[in-house]
Every structure is written in C-alpha cells, then in structure tokens.
Amino acid sequence: RSHRRGLAIKAQAVTSLANLPQWNRRLSSPKENTVIHLGAVRYSSEDAASLSAYIIAMAEYSYQCGPLQAALKRVAQLEIEHKAINEMIIEREREVENEQVKEKQQADVQQSTHTNYTVEDIDRLTTEMGETQKKYDAIVNKKHKLQQKLHYANERVTAASHVIHSLLLYKEAWYDEIAENSDNEPLLTDCLLGAAFLTYCGPLGPDVRREIIEKFQQFCSTHNLPVSQKTLFNDVTLIQFLQSKTEILSLERLQVPTTASAMETACLVTQEDGSDSWPLLCDSTGRVKYWFDMLIAKNVIIVRYSELNTELDKSLAEGCAIVITDCNLDTLADDLRFYYLLRSRQMFYKNNYSFKLTVDDHEVECMPTFRLILHTNTDAHSIPAEVAAYTSVINIFVNRNDMEEELLDRFMALEKTRIEEERVALLEEEIAVVESIQTLESDLLSCLHKEQHIVNSLSLLRSLSDTKKRYSDANELLEKLTLTKAELCESREVYRPIAKCAAVLFDTSRSMSYVNTLYQTSFQHFVEIFDAAVRHSDRNTDIVVMEKLISNCFTSKTKTLLEQDRLLYTLLLAIEIEDSQGRVSIGEREFLIAPLFGQSLMSSLSISVDMKYATTKKPFDWMSDEAYAYVQILACHYAFFQESFEKMPKDGKETQWRTLCESECPELAPLPDRTDEIYTPLQRLMVIRAVRNDRLLPAINLFITTVLGKKYTENPVLELTPTVKSTAPHTPVALLYSTEATTIIDLFNKYTKRKQFRSLSYRVSGLPDEVNIVKTMLLDAMTKGHWLLLHNIHNNIELLASLESIMEKQDDYDNQFRLWISLQQSHSDLLHYLHSSVKLIIDSPKDVKGSLMRSFGHVTPDIMKAGNRVDWPAVLHNICLFHAVIKLRSKFSNIGWNEPGAMDFGIEKIEESFRCAVYIFKEAAQAMLREDAEPGRTVSWNGLRYLLTEIVYGSDMVDCTDIQVINALADQLIHPAAIRRDFEIGKAKYRIPSVCFGMNARISSIIQSIEQIPNKNLDSVEICGFHAAPDLMLRDDAYILTRLNQILDCMPASSTLSHAASYDINAPQPKMSTMTSVNSVTAVQSPTASKVTSGSSTAKNTAVVTRQATLSPGPSLSNPQTSVKSKKDVELYEICHTALNKIPKVNWTKEYILDRLKKIGGYNTPYNLFLQRELNLWMDIVNDIKSCLQTIKVTVATPAERFGDQLSAELVEVAADLYYQRLPSRWCRRFGTMQPPPSWTLSQMLSDLVARANQYEKMLSMGRERYPAYWLGGFFQPTGLLAVLKQDAIRQKGEQSGQMEPLMYYTEITGRDKDHLREAAPDGFFIHSVYMWGCSWEKATLELVDQPPSKQPITLPVIHVTCGPLTDKHAVDETYRSPVYMSRNGDHKLLFSLDFKREKYPANHWALRGLMCTLRQF
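These numbers come from a predicted model, not from an experiment.

Undergrad: What am I meant to see in the overall build of the chain here?
TA: Summing up its helical and strand segments, the chain has 55 helices and 23 strands in all. Relative to its full complement of 1418 residues, the chain shows a buried share of 50%. Contacts spanning at least 24 positions in sequence make up 75% of the contacts within the chain whose residues lie at least 6 apart. Taken as a whole, the chain presents about 68,300 Å² of accessible surface, with 51% of it coming from carbon and sulfur.

Rendered as structure tokens:
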C-alpha cells in the first residue's frame, strides 16, 4: 500500500530527466451506463454485498489518484522554471558585459576630446563627479549582488544536476513501475481474485484451492477483465499483495514457514476487514497452537473450550482478543454463551462505541475491538453445518514442503546452533535495513513532493542528496546481506535430507487419519521423537540420523495402528521415502493399485511411450490374458519396461519369463535379463503386480524389506518400556482397547510390578464428585512420582476434558510420574481432549505369529511346571495355536465365521484354556498314581476338547456351523498325534518348534523361536483349513490397495502424484483378453478424486475408471443462459434416458394379475399369495426407479424451470450416485436382504429385474403344476416359497396321522440341467442356480472334491427340494448338510441345508473348509 502511495512522487522526479509520456485519465467504459445498485446486491446475498462494497471502495481509491497528476504537472513546471533561471543568468551576464564596453568607450571619448575648464567649473564638476561616483558605487554594488546570485544559482544548478544524475539509476525502475501501474483496472481484477480467495477458499484443501484459483482466473479471462503483467497467484503471491516485505520477514524471523501455501493460510487467519464471521481454525495435528503467538497480537487470552469460565466476559469487556482452543463442535452450536456472539460479528466490525450483547443468561458491555478465534482438532470437511453457517472455516493444512522448512530450522537450532544464530542475526539486520530503506524512500519521495521549487532551495537539494546517498548505501548493504544469507542457506542445504525425511515421516503418519480418525498425529509428539532422534544419533552422519528417525517414528506409529492397517502404513511409508529420493515416477503408484488405473491415468495425462505395443498379439500360451494385458500397459505407458517387452519373445527370454510366472515365489525369483539391477524397487514390484497378481502381498513385503529393512515387515511387540522412555511426565499415555478391558489392568499391574514402580489404578464410573477425587489422586501421584491408571475414562467426559489442563498447571512434579488412561476404540472421538497424548492399541493380534507370542506371554512358570511331561510345552503351543487360528478365521469376516463378532475372543479365553489343560493333565497324573488305576490310561483328550469347545469357547457361540468348525479345529490340534515333532497342519507345512519338546523348555526360548518364524508360514488360508482360493488370498490385498488409493486421493498432488483419474476397486471388472479391451476403458479428465468404497472386495482387484464431478461450468461462460446447462446435467440426462429404456416393460395391471391367479388356482392359495407378494415388491421397486429417473431427467433437461428445491434430498442423493456410477442406496434398500452388491452397475441391476420379471410371467402363465424349476435367488423373499412347501407337508401329514412332527427340508442334487427340465417335480420343487463356495465339484459322480476350486463360485445342477418329518431322514451320518444362505458376503441367515455325500471325509472336514452354498453369485 505504501508502495502505491509513492508512485506519484517518483513520477515527479523522473519527469525532470526526460519528457515523460502524457498521462491521460482513464477513459470511461462503454458499460458505465449499466449500474448495479448496492441495495439490489444486498437483496441478493449479504456476502455479495460485502464483496461489492469492498470492490467499490477500492475503485474509488484507485480513481482518485490525483496526486499522481499533480506530481507530473509539478515536475514539468520545475523543468520550465529551471530553464528560465538559466536563461535569466545568461542575459544578466550579457548586460554587464555591454555596460563595461560602453564605459570604456566613454572614457576613450573623454580622453580624445580635451575641454578647457575654468575656476567657475570646479563646483559643477565636483558636483557631477560626486553624482557619477554614486552611480558607479551603485553599479558596483549591483554587480557584486549579481555575482553572488550567479554563484548561488550555479551551486543550486550543480546540486540539482548531481541529484538528477544520481536519480538516473532509478529511472528505468520508476518508469517500469509507472508503466505497470498506469492503468488501475488490473488492480480491481487482483482485488477481486484476492477477495474471492479469502471468501471461499478457507475450508478447502491445497489442491482444491489451486483448482478454484484457476477457475477464478478463467472466469476473469472469459469476461475480458483487465489483467496486469504480474498476475496475482502466478507472479505475485497473496502475502506479497497484502503485506509489506518487512511484515513477511517478521514472519520468517518467528520461524513460520514462508512457503506460498503457509503464507496463504496466514492471510486467511489474519484477515479481518470485510469478514462477517469469526474464524474457526481446523487443525487436526495441533500445529496451529504454536502459531498463535506469532500471527496475532500479544495481548490475547488463550483458553480451552472445556475450561472456559469468565474469560469470555473479560475479553468482551476489555476489547481484547481471545483464542478458544479444542472446541467441541457438537455442543458449540447450542452453547448459549456463543449463540448471539457467533451471529454478531458485523456489530464489532462496524461500531465505534461499546454496546451490549447477551452471553448465556446475562448481558455484557462489549468493546468493538474484541476479536474471537475458535480452534478445533476436527477436519474441515467434518464441521457440522450449524457451526459452519456462522463461522469462517479455515483448513490449517501444512504440506510437506512447509514441514520440511520448519523441521530444517529446528534441526539447525538443535545441532548447528552457530549457523542458526548467524541466520537469525542476519535476518534481524535485514529487517532493520529494509525498514530503513522504506523510511529513506519515504523521505526521498516527500522531498520531491514539496510545493517549493527544488532549484530555489539549496538546503532542500542538500537534504535530498544526503537522503539519496543514505538510500544507496542501504541498498548496497541489503545486497551484501542477501549474498551472505544465500551463503548461509547453502550451508543449511547440506542437512536438508534429514528435514525432508522427517517431513515425509510426519506427512505419512498424518495421512493415515484419512483411513481412520483414530490415527490423528500430534505435532508435539512428533517433534519430541524428532528431537530425541537428533540428539541420540551420530551428529556427523546424516544417514545414521535418518535411520534412527525412521526407526523411532515407525515404532511409535505402528503401536497406534490397528493390525489390518500396519502393513498399509509401512507400504505407504516405503513408497513416499522412495518418492522423496526421486525414485518414483508419475503413474507408478496408480499401476500398483490397479494396472487399469495406471493406464487410465497415463492416458488422461497423454503420457505414452509407444502405443504400437497395444496391438501385439500374445506370443505365449502359458501366460494368462490378464497378465499379458497388464504387461502391455507397462510397455505402452512406462518407458523403463519398453526394452524388456521388446525382448520378451526374442533371444531365448521366454524361458526366463515362464520361470518367473510359474515360480512358487516369483517375488524372490530374478527378473529376466538381469533387470533387477536397473529397475527401482517399486518398478520391480510393478512387474510382479502385472505377471503374478496372486503374489502381490509377499511382493509388497519384499519391497518394504528392500527399501526400509526386514524389521519393518514384522509386527510390533507390545512393550511399554520404549513408550515410557519416549514420553515426558506431562504427556498422558492413552491405551485403546476394543473388548479386552481386563487386559489393560493386568498389563499395567504386571509391568509396574516387574519394574517395581509404585502405581495406582482407578476405575472411572462417572460419579458426580469423581472429578475432584481423581484430581486429588492425580496431584498426589505427580508430587510423589507414582504411576496412575484411569481405567475406562470414557465414562466421564468432564474428567477427560480437564486432565490436560490439570497437568499443565502443576509445575511441581516428579520425573518418574506417568499418567495412563484407557478407553474403548469406539470412543476414539473423545481423543481430541488429549490430542498430545501417546496412543497405544491394546488388543490381541489376529495374526498367528503375534497371537502365539502374546498367548505364551501369559504362560506362567507354574503352568510350565504343571504338566510334568516332555510334550507339555507342545500341548500349550497347540492350545495357543488353536486360539490363534480362531482369531485368524475372524479376519475373513463372515466367510471364516457366520458370527465373526462373537468369535473375537480376548486373552481371558487362553488363560481359561490353560487352566483347563492343567486340570486335565493333573487329573491324568493323579489317576496314574492311584492303586486302582486302569493300565494304559492316558490323558482324556476328549475331555480337554469338550472343555475347550463347549465350556471355554462354546459358551459364547450360537451358530451351529461355527460350532462345527471349532470342533473340527479342536479335533485337528488337540489330539495326541498333533503334539508330535513331525506333525504338520495340512498344506500350511507348519511344525511345532523343536524347543517345545523337552522337560526344561523355557518360555523365553519358545517365544524367541516363534519370533524367528516367517509370517508367510503362519498367516495363510491353509492354516485355517481353507483352500487357497483367489477370493480369500486377495482379501488383504484388496483392503490394502483400496485404503492406499483412498489415502493417495486425499494427499496433495505433486510432480509424481496426479488426481487426473480415479478408480473404484469394488466396481465391476471388465473382461481382460487383449489390450484392445483395456483401451476401451475411458480415461478421466478431471483433477479431483472420487470417493473410495471402504469395504473389501471378494473379486479380483482390478481398476475401473469412474466419472468425476468437474468444476467446469459448461461450454461457455459468456452467456449466462448457456452456462446453466452443465456437463454434469448432460451426462445425467444420458444416464437416465438410457436406464429408462432398459427398465422391464410389463403390463401387469391389477385385473390382469387377478385373472391369471384365478386361472392357476385362485387368489388365496399359499403359492399364489406368495406370488402376489413378490409381484407387489417388484412393482414397487420398478415404479420407484422409474419415478426417480423421470424426475431427474426432466430436471436436468429444463434446469431453469426446475431447479434447487424442486429435487428432494433423496433424489439429489440418487442423482449423485447415478453420476458417479454407483447403485443408489435408496433403491438397494428396497431389495431387503437380497440387495445387490456395490460392485454391480445399474445395467446389471436392471437386467436382474428383467430376469425376475420373466420368471414371474412364466409362473403366472404356467402355475405351480407346470412350472419346472425355480430360480430361488430371483425372489425377494425366497423363504416364502419354502414355507409353501412346508405348509403342504403339514397338511399332508396332518390328514394322514392327525399328529404333527418336526419337519425339515430334504434335498437331492439331481445332476440335471435346468434347460432340460420340462415338467414340475411330482413332490416338492426343483430349484436351480445355487452356488457352492470353498471346494470343487465332480459333475460325473456328483461328489465333493477336496481341492481348490478352479473358479469361485461353482454352479450346482438342479436340486430337488422336499419337506418331511425329521424321522424320515436316513443315513444322516453319510451326508454333510451344507448351509444355504442368501449371499456369501451378506447376512448368514440359514435358509435350508443342502445334503452332500461324504464317503471319505468326516462332516467336520467340510465345515473347516468353509463349504457353503448361496442363492446369489456374490
């Protein structure tokens, strides 16, 4: 602002040097007749009125630049006066010379003419001589005066010339500034852009801010708004536009990151003028708390929301600022203390005098200088609407570059103190020099702007010359300081890799919160880890510092993650570290997520190496079509693979590629042509991803091992010692659990007892006076150095909210003190009260290795001595393994168990199992010592199995199939043959560690031997009893890749990460045969990312590109009528139009249905009543779909007539789902238990409705007597048809005997195909399209085959279903009754059981395999 005020004065000095161009006033715009009244704007929107008023004020300021014209005229006038003075001096000199010549001539004439004078002439001559002498004296005096004036004028001209010549150095710069700012209209455009950014971009993330800015700039360009040479946000940052250089340097001195994004956030926080709402800072990491003292005034009150008492009234009365941190947004909107305050921001902005405002139940005299800043740990997108409506939401997002600069400053302050002190001193000096330059420039311009003539004042010229000299000296000093600062920055760059590594670690840790809000990272805790790693590492070796830092951060973070997310975090960390070192290129992350996703992204970015590879035919029969299509994608879009693809069929490379593809462990096999030495680790992983999709998880583990090390693939061991060492007494440790509440207390007591710490534990129950009780205990523990555990603190939110403040207010505490709190993971939303706490997940691991180690950790020395047998440790091992396999099967959700929630057993079950085993073995030992002991009597294994399956674990189980499975597990592991050295668990090839066989086996040795077992030997589907089916093996892969894609979508875009395309892992899979089919997938030309489905997929994880909602306003912005119909409207119209044509067209009127039902048996038969219910449900769904599609179609076709409120919230949700190619949830809910999966498309759902309609039409036409076979999965309520069958059996048996017996369904697999049936079953029903999962099927013998299925699921032949009494069942022991459910991934509610022959295997064997049947193919 001061810069623009000096432009006019600079122009005045420049004009004296040369002829400046004539400055003309701004020509009137041809559109000036069009007037927008402020009242009309205010009627439209209050925000628009504020923005218009701001722009009008800036326009008036700009158009009233009269001082610039006056300065230009003054400069021209001074130049004319300077020329006139010079001409006057020259003319005076000529007059003096002429007078001297005349005097000489007169003297000569007097000498030449001698006159004779008499005595009488003496008086006259004396009088004349006196007069002449007076004239002469007067002329001489005048001459001296003129000479003095001439000398003074010469001095002034010399000084003026010197000043003018010295100002020539700034001539070009001033000319450029005048030319750049000669037109004021571009300033209005910049003001418009800046005001729009400050108004709308606060709650947005960095990527969306950039997109919004680009849209603003496109808007200005489309409407031909004038743009300056240096545009805002491109050439000039927002902070440079709003603040002076001194203010920017002051922020740098306060160690605030000075990157563009950080400065934009600072502008959003500090801007006040024109804002009609108080700022709400959304800071999920707690970083902004350190900036409060830097960005706002010193006389502020900072208080937590939970501790707010009289501070608000005090700040309102005194007119000072108040910062309220950690606001609870759920209660803020209804808090009476803030109800009127949130709605009265304009009163403080406009009033100059105090006024009264209601706060809670009283009035407060408020000063207009009062300011309010709200702070919360909640993300900006989670702010409740009732809060966002009355606050200015600001998303505090510190990107990786900002964090890198900040951590580099911190490292220099810790390790390179001298350099940092020099830099700070240099910065202080630079600020002083810049301030002096600004002062001198202001003095210089004020001298040039004075009303008196510069040439007429020698003192003014000397003052101007002196100011100019000091101004030049200051500029020279600033240049020297700049050079010195650059040298210091170069010395700092040596340590930048450490700061970059730390920034990657923090950014990766913070990004995990996109998966689960439980993973929010505290900046304060991270800084403590960073400082500890820097202090305890070799100061001369950067690699050692980085390794220590990575190790500490990884160990600390993984303990706060749930088990299923640890591998995800490690993979993300490895990728981002590779990226920070320049070994990741654009599109490589996306190819890892799904090859089709990578191909679509590269196509959307127009990046392709050579598309000729897309037309090459597959040269090998042994390679699958899918693998070859993925290899083609690598060759077409990734340059590193081009040469390998060309050599693939040449030079004998086929053998190497076949060996790789058919290897049992391809991730360990060398790549063909020794490309392992050329490819980066991520590129090697991409090759394995392409050719062997089923080995992706082991390949990911190898990638992590290569980048980080082997220890990073191991699950962390629950150990409290590192946590205690890494925390300070004022930092609470939060222990999070899901179900094992008792484990917390046992763990705490055992650890404190082992370490001999004095400890206290208190179970929080929510009593009225509990806060005071706990406060007394806490203060006493802090003073005495005790450890205090507050168990189940989620029961008292008031206590949780006050803990942190109690600890901060206590200055006198013992360094041995630690505070431990425990709460359930379901209450993790309360952790914002303890944002700086260290979090630990305390739950039994679901992986076999971790579960074995955790279970053996509860084996006491007394238990080890109780068995008194050589194989007793092996028995304990198998009991632990039995518990671990139960936990591992729950990892597969309802495929492992029908009731997976009930099978999540805690550590108390393993302790109870140990007690049962000790009891059984002691009973056997005592029985052997009795005199009447039977010879050869051994341990009662049946009794041990019964105790485990029926008492310990079975007491919590209700599902019959789950009970069968747990009995099968017990038969396999709790058996004499299972504790032999050579015993192997099925195809898992896992044996009991040899250290478990011996009388002197030690617990520590057993745990150490288990720790050395690779995870891949334990965490396999075979150890659970399953076959290695693709859908089971890829569940973990799909989970990891889906979450990885979700994180990458939320991370800011960079040179190697683009959001130009997106994919949904649960979307339908296109058939992959050739590259042509791959190219049929349309790329997304959009910078945003769609929502990623959170559920895991059972299908193969292939990428499907989905359409995006773009920010493009339409085909043209010049015409507001054409811009209304956007691209989204056009696409929605096409979707609705196409879907309406696919809706089944049937003419099922009420009269038609009644007439048909009358012909096939009447209205009230059970069969026809069932058919009527199905028809009603079907028509309700179809009518709802048709109504929604027609309404949306009409709305988008005529948006000017039906806009906004014409669509209900449900219809808006349906339209959004249709646009993003998701099945509308409203329609899915109407299907009930038979709702389609998320992977279905709209076409598949409509085709399903058509197939149902065809079956209904045939049933209406043929009736029960003639309809051959039913598609049971095509009914909304299939149990209704089975109920018809049971009703017939009840009538038949009741008429025959008059007594009722329990009934059951009998099934028989006929081996016939549904197309070959022509007649209905003589008794019961024929059903078809029943799907079997888990095993293979032999069509010739109609038997189960115990081998992995070639594909899932397997369609069974036609099944004959009948119903009869339970006593009619024969040969029950020769069959296995497989449960039949609606779907595999849905609710496992038993419909009926399907009988399979089992001649070779017991029934429990098939239960362990997970054999089940479903009516639907998903």
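Let's pick the thread back up.
Undergrad: Whenever I open this one, the nonpolar core confuses me. Can you help?
TA: Generally speaking, a soluble globular protein has its nonpolar side chains buried in company with each other. Leu 1218 and Phe 1396 are the most contacted members of the largest nonpolar core, which totals 149 residues. Val 398, Phe 506, Leu 571 and Ala 734 belong to the second largest nonpolar core, which has 136 residues in total.

Undergrad: Even after reading the chapter, I still don't get the sheet that holds strand 9 (residues 759-763), so can you show me in this structure?
TA: Two modes of strand pairing occur in sheets, parallel and antiparallel, and in both the strands are linked by backbone hydrogen bonds. Strand order in the open sheet formed by 5 strands is 9-10-11-8-12, with parallel pairing between adjacent strands. Each edge of the open sheet carries a strand with a single partner, namely strand 9 and strand 12 (838-841). Averaged over all neighbouring strand pairs, the angle between strand axes comes to 20 degrees, with direction disregarded. Contacts from helix 34 (residues 741-755) reach strand 8 (733-737), strand 9, strand 10 (787-791) and strand 11 (818-824), with the element oriented near 175 degrees to strand 10.

Undergrad: I keep staring at the sheet that holds strand 13 (residues 1269-1271) and nothing clicks. Help me out?
TA: Read from one edge to the other, the open sheet built from 4 strands follows the order 13-15-20-14, with strand pairing classed as mixed. Each edge of the open sheet is held by one strand with a lone partner, namely strand 13 and strand 14 (1303-1309). The mean angle between the axes of side-by-side strands here comes to 40 degrees, regardless of whether they run parallel or antiparallel. Note: strand 14 against strand 20 (residues 1359-1365), 7 bridges, orientation antiparallel.

Undergrad: Quick question: what am I supposed to make of the packing of helix 35 (residues 770-784) against helix 36 (residues 797-809) here?
TA: Helix-helix packing is described using two parameters, namely the angle between the two axes and the distance between the axes. Following both chains from N to C, one finds helix 35 and helix 36 inclined at 30 degrees, their axes separated by 11 Å at the closest point. By the angle between their directions, the pair helix 35 and helix 36 is classed as roughly parallel. Crossing handedness for the pair helix 35 and helix 36: right-handed. Taken together, the residues of helix 36 that come into contact with helix 35 (itself represented by Val 771, Val 774, Lys 775, Leu 778, Leu 779 and Met 782) are Glu 798, Leu 799, Ser 802, Leu 803, Ile 806 and Met 807. Residues of the contact of helix 35 with helix 36, tallied by class, amount to 9 nonpolar, 1 polar and 2 charged.

Undergrad: Just to check I follow, could you spell out the pattern of salt bridges for this structure?
TA: Pairs can form between side chains of opposite charge whenever their charged atoms are close. Scanning all chains against the criterion turns up 39 salt bridges. Put simply, Arg 510 and Asp 507 hold a salt bridge, and the shortest N to O gap is 2.5 Å. Taken together, the positions of Arg 510 and Asp 507, both in helix 22 (residues 496-511) and 3 residues apart, correspond to about one turn of that helix. With respect to burial, Arg 510 and Asp 507 carry one shared label: buried. The structure contains a network of salt bridges with shared partners spanning Arg 400, Asp 507, Arg 510, Glu 576, Asp 579 and Arg 589.

Undergrad: How should a nonpolar patch on the surface be read in this particular structure?
TA: A cluster of nonpolar side chains, namely Leu 336, Tyr 339 and Tyr 340, defines an oily patch on the protein surface of about 310 Å² accessible area. When you line up the elements, Tyr 340 lands in helix 16 (residues 336-342).

Undergrad: I tried to follow the packing of helix 37 (residues 848-856) against helix 39 (residues 872-889) on my own but got confused; where do I start?
TA: Interhelical geometry of helix 37 versus helix 39 gives an angle of 130 degrees and a closest axis separation of 9 Å. Judged by the inter-axis angle, helix 37 sits oblique to helix 39. Judged by the twist between their axes, the crossing of helix 37 over helix 39 is right-handed. Every residue of helix 39 that contacts helix 37 at Val 848, Ser 851, Leu 852, Ser 855 and Phe 856 is listed here: Pro 873, Leu 876, His 877, Cys 880, Leu 881, His 883, Ala 884 and Leu 888.

Undergrad: Just to check I follow, could you spell out unusual backbone geometry for this structure?
TA: Negative phi characterises most residues that are not glycine, and trans characterises most peptide bonds. We note that Asp 326 has phi near 55 degrees; this positive angle belongs to a residue other than glycine. Structurally, the position occupied by Asp 326 is in the loop between strand 3 (321-325) and helix 15 (329-332). In this structure, Arg 674 is a non-glycine residue whose phi angle is positive, near 55 degrees. Note that Arg 674 resides in the loop between helix 30 (653-662) and helix 31 (681-691). The class for Arg 674 is exposed, based on a relative accessible area of 61%.

Undergrad: What am I meant to see in the pairing of strand 20 here?
TA: On a regular strand, one side chain projects to one face of the sheet and the next to the other, so that they alternate. Counting buried residues in strand 20 gives 7 out of 7 residues, a clear majority hidden from the surface. In this structure, strand 15 (residues 1325-1328) lies alongside strand 20, joined through 3 bridges in antiparallel fashion. Paired with Phe 1325 across the bridge in strand 20 is Val 1361.

Undergrad: For this particular structure, what's the right way to read the packing of aromatic side chains?
TA: Where two aromatic rings form a pair, the distance of their centres and the angle of their planes describe that pair. Applying the stated criterion across every chain, the model contains 41 aromatic pairs. Consider the rings of Phe 411 and Tyr 495, whose centres lie 5.5 Å apart with planes at 40 degrees: the pair is tilted. On the criterion of sequence distance, the pair formed by Phe 411 in helix 19 (residues 400-415) and Tyr 495 in the loop between helix 21 (458-493) and helix 22 is long-range, its members being 84 residues apart. When sorted by exposure, Phe 411 lands in the same class as Tyr 495, which is buried. Look at Phe 506 and Phe 526: their rings are 5.1 Å apart centre to centre, the planes differ by 55 degrees, and that puts the pair in the tilted class. In this pair, Phe 506 sits in helix 22 while Phe 526 sits in helix 23 (residues 523-535), placing the two residues 20 residues apart along the sequence. Three or more aromatic residues joined by ring pairs form one cluster here, namely Trp 1148, Tyr 1167, Phe 1170, Trp 1178, Tyr 1256, Tyr 1267, Tyr 1270, Phe 1275 and Phe 1325.

Undergrad: Got a minute to help me understand the pairing of strand 9 in this structure?
TA: Note that strand 9 and strand 10 share 5 bridges and pair parallel. Across the sheet, residue Ser 759 finds its bridge partner in strand 10, namely Trp 787. Crossover handedness for the path strand 9 to helix 35 to strand 10: right-handed.

Undergrad: What is the right way to look at the side chain of Asn 399 in this model?
TA: In this structure, Asn 399 sits in the loop between strand 7 (391-395) and helix 19. Residue Asn 399 is classed as buried on the basis of its relative accessible area, which comes to 16%. If we skip the residues at most four places from it in the chain, Asn 399 touches Ser 261 and Arg 510.

Undergrad: Whenever I open this one, helix 53 (residues 1242-1266) confuses me. Can you help?
TA: An α-helix turns once per 3.6 residues; consequently, residues spaced three or four apart project the same way. Between its terminal C-alpha atoms helix 53 stretches 33 Å, which fits the 36 Å expected from 25 residues at 1.5 Å a residue. Within helix 53, the axis deviates most sharply at Leu 1260, by approximately 70 degrees. Along helix 53, the positions that sit buried rather than exposed are Leu 1242, Met 1245, Leu 1246, Asp 1248, Leu 1249, Arg 1252, Ala 1253, Gln 1255, Tyr 1256, Met 1259, Leu 1260 and Gly 1263.

Undergrad: It is not clear to me how the environment of Thr 739 should be interpreted in this structure. Could you clarify?
TA: With respect to the element layout, Thr 739 can be found in the loop between strand 8 and helix 34. Distance from Thr 739 to Gln 825, taken between C-alpha atoms, is 9.0 Å for residues 86 residues apart in sequence. Not counting residues within four places of it along the chain, the set of residues in contact with Thr 739 comprises Asp 843 and Asp 904.

Undergrad: Help me understand the environment of Ala 153, please; the structure alone is not making it clear to me.
TA: Within the secondary structure, Ala 153 sits in helix 6 (residues 121-167). In the structure, Ala 153 is positioned 64 residues away from Ile 89 in sequence and 8.3 Å away in space, judged by C-alpha atoms.

About the thresholds
Residues numbered from 1 in each chain as written. Predicted model: local features only at pLDDT ≥ 70, side-chain atom pairs only at ≥ 80, totals over all residues. Heavy atoms only, no water. Helix = DSSP H or I, 4+ residues; strand = E, 2+ residues; numbered from the N terminus. Buried < 20%, exposed > 50% of the residue type's maximum accessible area, 1.4 Å probe, protein only. Contact = heavy atoms within 4.5 Å. Areas by Shrake-Rupley, 256 points an atom, 1.4 Å probe, with all protein chains shown as cover. Core = buried A, V, L, I, M, F, W, Y, C linked by side-chain atoms within 4.5 Å. Pairing = 2+ DSSP bridges. Axes fitted to C-alpha atoms, helices over the stretch in contact; angles between N-to-C directions. Parallel < 35°, antiparallel > 145°, perpendicular 65-115°, else oblique. Left-handed = near helix turned anticlockwise from the far one by under 90°. Nonpolar A, V, L, I, M, F, W, Y, C, P; charged D, E, K, R; others polar. Salt bridge = Lys/Arg side-chain N within 4 Å of Asp/Glu carboxyl O. Patch = residues over 30% accessible without salt bridge, like charges linked within 9 Å, V, L, I, M, F, W, Y side chains within 5 Å. Phe/Tyr/Trp six-rings, centres within 6.5 Å; stacked < 30°, edge-to-face > 60°. Right-handed = clockwise from strand over helix to strand, strands pointing away. Expected span 1.5 Å × (residues − 1). Bend = angle between axes of the 7 residues up to and from the residue.

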